[in-house]
Amino acid sequence: MSAGERLLKRAGLYKYWSLFRIRLLNGLQYRAAAVAGMVTQFFWGTMEILIFSAFYQGNPEHFPMQMQALSSYIWLQQAFLMLFDGWSCEQQIFELITSGNVAYELCRPVDLYKLWFARSAAFRLSRAALRFFPVLAVASLLPAPYGLSLPESPAAFGFFLLSMLLGFLLNLSHIMLLYILTFFTIDSRGVRMLTSALHDLFSGAIIPLPFLPGGLRAVAEWLPYAGMQNMPLRVYSGDIAGAALIRGLLLQLFWLLIFCALGKWLIHKALRRAVIQGG
């Protein structure tokens, strides 16, 4: 056992790490699905860039982002889609709750929130790990301003990695709320459709937030969704820097703590009132 694993064991987190590794290795087996998704993401990214390029050719000075920064944003978005999207959930967790089989999970000596968090993290990481490198490799070979550029600076790349980690964890904590709210609803599809629409609009999944109207953009940048995708992807190209960068990182951390605390409180409340019928 490594030093890190011994530390996790002392902290009572080794069992969640073990589950995370098992789920991650299991997810890495679906290579055919990864290839199909990778090809889809490459052509979707190409289509988006060509559409934006047609508008940029008219009057590029009137756009809030340079074309090269926008291209990098789109390629990173497609490469790490499985880390940042708001609709990739584990259907099995929803079925555990609605069918009552969550009772088997409650029999285990584990914290249900940490268990599902580790499971969801492995689910997303395994799918992203199989897709991101080929997309980035091909995108980096494309000519400017349509390809993936190098980061603005080594510091920008470091902040990008930090912001991407916070965005990934924030996205997971948001997905955890969707799982937990299923305890309080008859059908989770309504909540999932609503939150997915809000996520796509305000996280920059449809268009980067700088392209939104001024008033709507000002509001969107303070919402938790902005930290799930918009923030890390714009940090990479230097579109967010200085004081705005520090404020964005602090907002990501703030919403992550809020969502985790809210999720822990809701799951505790849900399990206290849960009634599972059957024998």
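Anything mentioned here points back to the structure above.
The structure displayed is predicted, hence computed values, not measured ones.

Caption draft 1: Geometry of the nonpolar core. Core analysis: the biggest nonpolar cluster contains 67 residues, and L76, F80, W116, L148 and Y179 have the highest contact counts within it. The dominant element in this core, judged by the number of residues it contributes, is helix α10 (residues 154–181), at 12 residues. The residues contacting L148, other than those within four sequence positions of it, are Q68, S72, W75, L76, L136, A139, S140 and Y236.

Caption draft 2: Structural context of unusual backbone geometry. The omega angle of the peptide bond from A144 to P145 is 0°, so this bond is cis rather than trans. Topologically, P145 is positioned in the loop between α9 (132–141) and α10.

Caption draft 3: Looking closely at the pattern of salt bridges. One pass over the structure, following the stated rule, counts seven salt bridges. With its nearest N and O atoms 2.8 Å apart, the salt bridge here joins D111 to K264. You can see D111 sitting in the loop between α7 (102–106) and α8 (112–129) and its partner K264 sitting in helix α14 (residues 243–273), a full 153 residues away along the chain. On the accessibility criterion, D111 (25% relative accessible area) is partly exposed. Of the charged contacts in the structure, one is a salt bridge between D239 and R234, with a shortest N-O distance of 2.8 Å. Through salt bridges with shared partners, one network takes in R217, E221, R234, D239 and R247.

Criteria and thresholds
Residues numbered from 1 in each chain as written. Predicted model: local features only at pLDDT ≥ 70, side-chain atom pairs only at ≥ 80, totals over all residues. Heavy atoms only, no water. Core = buried A, V, L, I, M, F, W, Y, C linked by side-chain atoms within 4.5 Å. Buried < 20%, exposed > 50% of the residue type's maximum accessible area, 1.4 Å probe, protein only. Helix = DSSP H or I, 4+ residues; strand = E, 2+ residues; numbered from the N terminus. Contact = heavy atoms within 4.5 Å. Salt bridge = Lys/Arg side-chain N within 4 Å of Asp/Glu carboxyl O.

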